[in-house]
Amino acid sequence: MTGSIPGFIDVIMNLNSPTLLEDNLIWQAKTAGKRIIFYGDDTWVKLFPKHFVEYDGTTSFFVSDYTEVDDNVTRHLDSVLKREDWDILILHYLGLDHIGHLTGPNSPLVGPKLYEMDNILKKIHTSLLSKEGESSLPNLLIVCGDHGMSETGSHGGSSEEEVHTPLLFISSAFEKRSGPLKQPELVQQTDLAATLAIGLGLPISRNSVGNIILSVIEGKTMREQLRFLHLNGFQLSRLLQENMPTYEKDPGFEHFKIAEKSHGNWIKLYLEGNNSEVLLNLGKKVLKQYLEALKILSSSLSKQVAQYDIYSMTVGTVIVLEVLLLLLLSMPKALSNRAEFEVPLSPPLFSLLFYLMCLMLCAVHVIVCTSAENLCYFCSISWLMAVGVMMLISALTCVILSAFGKMLENPKLPAKNPAVSNSSWSELDVLILAGTVGHAVSLGASSFIEEEHQTWYFLINTLCLALCQEICRHYFLVKECDLHLSTAVKQNFDDIEETTQCRNVDIPSCDSKLGKVTSSGQLLKGSEKWMGLASPWIILICCRLLRSLNQTGVQWAHRPDFGHWLTSSEHKAVLSLLAAISLVMIFILVQRRCSLVSKIAMALGLLGVYSYRAAIGNVVFPWQQDSKDISKGIIEARFVYVFVLGIIFTGTKDLLKSQVISADCKTKSIGLWEVYSGLVLLAALIFRPHNLPVLVFCLLIQMIMTRCIWKPLKFDAAQITIMHYWFGQAFFYFQGNSNSIASVDISAGFVGLNNYVEIPAIFLTGFATYAGPLLWAIHLLCYLSSEVSRNSAAIGHGCFCYALICSVPVTVYIILVTGLRYHLFIWSVFSPKLLYEGMHVFITAAVCMFFTAMDQNQSQKIHD
Amino acid sequence: MKDTEIKRLLSAHIVCVFSIILTTVVPPLFLENFSVLGTHLIWLCICSICVTTVNIILYIILKPNPSSKRISFAHKVTKFLKCCVFFFISCILFHGIIVLYGAPLIESVLETFLFAVLLSTFTTLHCLCMLGPNIQAWIRVFSKNGAMSIWDNSLQITTMCSIVGAWLGAFPIPLDWDRPWQIWPISCSLGATFGYVAGLIIAPLWIYWNRKQLTYKSR
């Protein structure tokens, strides 16, 4: 409506949609005294409050409903069309969009919906035609979609199907065309605002970069056409003057001036009464000149929007890079037995270098900011802030330099690191390192970002096979290895799959061994052994099942998956059964380490989750097969929230108790587990019902890993942290997320809320999106705090590793994106990923803070 | 003694490499429209069969682990049958692992299975020829420091290389280049083949390079 191009950051702002304050068409129409009526999505009402003389907004966030949203619009139509007291009528039909989101573009629901829309169009058109005799001006009916639909029925990406929409002008003012249909013209979305403004006789909005669509005004006289084009060109050149200091040199502006001059000549001729062929031809020439000028003006204005603020980008990149370097340099110290992570602040702060750097950076800042031609974010922030950032950069540099110097002074320090001192790296270490580096490098390719889930699935599969090999070695080869360890033969990386084969073919021989050994202790050990051997395979099968639950990414997203099958309305009974089983499984898996009170709260909460889903119509109770009353489920959801808060509160109480009274470790681990189970309950509430199995498998895999893999194998905290991180990332994608904005499930932010409330909605949406990584991180904390007896610095190591492993891809990605900023896919692929990474950093920071809080409790207790 | 062994190993490996090269060069003379990429499944079959025969012939000629005992004919038959069963089990196992890695379960079963067969030929068959259906020997060879002869070492290297090759071969699949070799399972099977060939070449060189350090425990 403003005719301007949205910046990428508008994607985030759009969720909230506050009042549109920019100059826009609706506002212009209102000030011109037009009476506007609106029916449809209430986002419009929020965008333009008090602009409409009459409106009825429908909330658009209940995607499962595709009939009521449209009936809400259509029911007003008959009465409104009969009335004469309006100038503009805006109807926004949501049903088709909802069908797309729900069941995709090939759904059987699409046909009837389109037929319904056709009928409505027919009704409006005939009614407008019948009115036309009375009024002097012809009516115009515009049909357009605000976005297309991808193969999966969502939108927000940049594929051909998503960004191309039909635009249809129907009016008696256009000349009737017979014969075959012409190939439709391709126009920009921004052109509509300019065209409508001209058509309604309103001023074009200030920030519009659109060109008037010529074929709409084709029926007018040459004089009028030229007048309209001049108006459009004048507005664009004004906009250019505001945004570009060197506007006079712009080719578009020059063209416009030339066209203006010849327009003047044409007017002179016209006024002289020269009405010959010459005039017409000259007019056509001027028209062509205008069109060309408009085109160039528009494109140079659009480019203006997409200019990069290199200076601010560099500052940000430098800070991130320095933090990563600092983390890397302090790795040997932080992973030592004492797990100390100290930044030597005072000596570098008083060094000459620090002040010199500060001064130099300030000088650079002044030079850059005074010579900058276009807007720069970092120059526009206050001076105090800028100086603060400068000081931060130089302090970090000095700290890094001093740490580096220290490392050079006593190079023996790294040898104390337990991970490195064990001179031979196991296959698992190699895999972890290769995986981390490989993933970071793969972020440079747009396809690998689109299909990042494949990378993670591949990595955790390989990780499982490596674990399987470790377990085989642990159970079968311990004795032999002990004998061989002393020999100095070079270690071979024997192969993952090969050893798994060994395992499989080894079953008969071990069975015979088992037959001989009859003592009960050995038998118990045997069962443990088989559990351990089977567990990686169970995890692999779980992962394979989850993988086919949600197809994400771009290339294979259209493949049929289990999730879509479940959400289609024919399989509601199956979905209900699955949801019920999942909730029961969640209860069984979570309750084993809870106190009695939280057990009861958990059970009631999970019941509440099911009744909430039944209330909003996702699942059915067996006893109410055909009741259709769909509500928002506010009461049920709030009922669950009470239990979530209750469980988290008891958990926090236990944690505080263990901190203040320094009670035993048990209270603390119960407290942590209760916080964890509270989060699980919250996730169960806001996950879509077909995603509940993801939660179940998450808990199941964590249980299996803790019991059967980590307990016998005795990995150090760093390895376990990285494994948790990998699984967390994989679960992010198992949930159905991807690296495009379209896959964020906004409906999670509206669970239990009547209307949009900013803070809870953002929190809930963020939690629903990042539930996988978060739950794995909290589980890591639970596990490490139970491991404290074995390694007192476990939590410290874990926290440090988590921060490091998360910051590596972020830093690499920021540098890559800066380098690739002129890539063709920068806006469609790389930018959304950058947003996801930014959000991930926030969550990692929160997790690390939680870790540190827990760790400090621990260290205090040790001091006591 | 050792040098002659290494020479024998090298010649055997060179024969294997040549057999693989022949599978890409010879069939177009007999079959119309044959190309490694276009008719990939046929190539997979031909390559597996060819490598199998070459391996078995080499085993019969070279006899890397000669046993002193005379073995009865019946024993030989049971051993052969056992080998077949092992090979089949390993095919199924590879198929399972590939599906767990994300290959489609129902569509393109044939492609996946033939790829599993190819992998088994490169790894299991090689081991079966060298070690026989002897589980203890397998565990010994594939545990750390378990090699007892250069043949065991070469076995470790070639097996590892072909599996790593197949693993690396999966990387180009998500790229949007739309090349014919990105179709499942071409990139993976080519990766496995290249890995196998590389392993065959690397193994004698590596053993030659490290012949001083390599000490083998006697049986």
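Here, the structure is the one placed above.
Let me begin by describing the structure that accompanies this report. (Residues numbered from 1 in each chain as written. Chains lettered and ligands numbered in written order. Predicted model: local features only at pLDDT ≥ 70, side-chain atom pairs only at ≥ 80, totals over all residues. Heavy atoms only, no water.)

1. Side note on the overall build of chain A
On a plain count of helices and strands, chain A comes out with 37 helices and five strands. When the 864 residues of chain A are sorted by exposure, 48% land in the buried category. When contacts within chain A are restricted to residue pairs at least 6 apart in sequence, those whose partners lie at least 24 apart make up 75%. Accessible surface, chain A: about 43000 Å² in total, of which carbon and sulfur atoms supply 65%. (Helix = DSSP H or I, 4+ residues; strand = E, 2+ residues; numbered from the N terminus. Buried < 20%, exposed > 50% of the residue type's maximum accessible area, 1.4 Å probe, protein only. Contact = heavy atoms within 4.5 Å. Areas by Shrake-Rupley, 256 points an atom, 1.4 Å probe, with all protein chains shown as cover.)

2. So, empty space enclosed by the protein
All names here are of chain B. Counted under the stated rule, the structure contains seven cavities of 30 Å³ or more. Of the voids in this model, the largest cavity is the one considered here, and its volume is about 120 Å³. Mapped by element, the contributors of at least two residues to the lining of the largest cavity are helix H1 (2-25), helix H3 (40-62) and helix H5 (109-131). The element that contributes the greatest number of residues to the lining of the largest cavity is H3, accounting for four residues. (1 Å grid on protein atoms, 1.4 Å probe; cavity = no way out; pocket = protein on both sides within 12 Å on 5 of 7 lines; lining within 4 Å. Points joined across faces, edges and corners; volume = space filled by probe spheres on them.)

3. Remarks on the nonpolar core
Residues and elements named next belong to chain A. Core analysis: the largest hydrophobic core is formed by 185 residues, its most contacted members being Ile586 and Phe727. Other than its neighbours up to four places away in sequence, Phe727 contacts Ile460, Leu463, Cys464, Ile539, Cys543, Ile701, Met705 and Trp776. If you look at the next biggest cluster of nonpolar residues, it comprises 46 residues, including Val45, Leu214, Leu239 and Leu287. (Core = buried A, V, L, I, M, F, W, Y, C linked by side-chain atoms within 4.5 Å.)

4. A look at the side chain of A:Thr667
All names here are of chain A. Within the secondary structure layout, Thr667 lies in helix H31 (residues 665-686). Classification of Thr667 as buried rests on a relative accessible area of 17%. When neighbours within four sequence positions are excluded, Thr667 is seen to be in contact with Asp654 and Ser658.

5. Description of a nonpolar patch on the surface
All names here are of chain A. A cluster of nonpolar side chains, contributed by Trp425, Val430, Leu433, Val437 and Val441, occupies part of the molecular surface with about 450 Å² of accessible area. Relative to the elements of secondary structure, Val441 occurs in helix H20 (residues 427-442). Assessed through its relative accessible area of 59%, Val441 is described here as exposed. (Patch = residues over 30% accessible without salt bridge, like charges linked within 9 Å, V, L, I, M, F, W, Y side chains within 5 Å. Salt bridge = Lys/Arg side-chain N within 4 Å of Asp/Glu carboxyl O.)

6. Points about the pattern of salt bridges
What the rule picks out here adds up to 13 salt bridges over all chains. Residue A:Lys123 pairs with A:Asp78 through a salt bridge whose shortest N-O separation is 3.5 Å. In this pair, A:Lys123 is assigned in helix H7 (residues 110-132) and A:Asp78 in helix H5 (residues 77-82), connecting sequence segments 45 residues apart. Overall, A:Asp78 belongs to the partly exposed group, its relative accessible area being 41%. Between B:Arg8 and B:Glu5 there is a salt bridge, and its shortest N-O distance comes to 3.7 Å. Placement of both B:Arg8 and B:Glu5 in helix H1 is noted, with a separation of three residues, approximately one turn of the helix. With relative accessibility at 31%, the residue B:Arg8 sits in the partly exposed group. The buried category is assigned to B:Glu5, whose relative accessible area is 17%.

7. Focus on helix H33 (residues 717-734) of chain A
Residue and element names in this part refer to chain A. Between its first and last C-alpha, H33 extends 25 Å over 18 residues, near the 26 Å set by a 1.5 Å rise per residue. For H33, the buried fraction is high: 18 of the 18 residues fall into the buried class. Gly736 lies just past H33 and shows a positive phi near 100°. (Expected span 1.5 Å × (residues − 1).)

8. A few points about the pairing of strand E1 (residues 36-41) of chain A
Residue and element names in this part refer to chain A. Burial analysis of E1 places six of its six residues in the buried class, the great majority of the element. In terms of strand pairing, E1 meets strand E3 (residues 88-91) through four bridges, oriented parallel. Bridging from a neighbouring strand, Ile37 pairs with Leu89 of E3. Sheet analysis places E1 next to strand E2 (residues 54-58), joined by five bridges and oriented parallel. Within E2, the residue paired with Ile37 across the bridge is Glu54. (Pairing = 2+ DSSP bridges.)

9. Describing the side chain of B:Thr193
Along the chain, the position of B:Thr193 falls in helix H8 (residues 186-209). When residues no more than four places from it in sequence are discounted, the contact partners of B:Thr193 are B:Ile20, B:Trp43, B:Leu118 and B:Phe122.

10. Examining the packing of aromatic side chains
Residue and element names in this part refer to chain A. According to the stated counting rule, one finds 29 aromatic pairs over all chains in the structure shown. In this structure an aromatic cluster arises from ring pairing among Trp456, Tyr725, Trp726, Tyr802 and Phe851. Across the ring face of Trp530, the terminal group of Lys529 is positioned such that the distance to the ring centre comes to 5.8 Å. (Phe/Tyr/Trp six-rings, centres within 6.5 Å; stacked < 30°, edge-to-face > 60°. Lys NZ or Arg CZ within 6 Å of the ring centre and 35° of its normal.)

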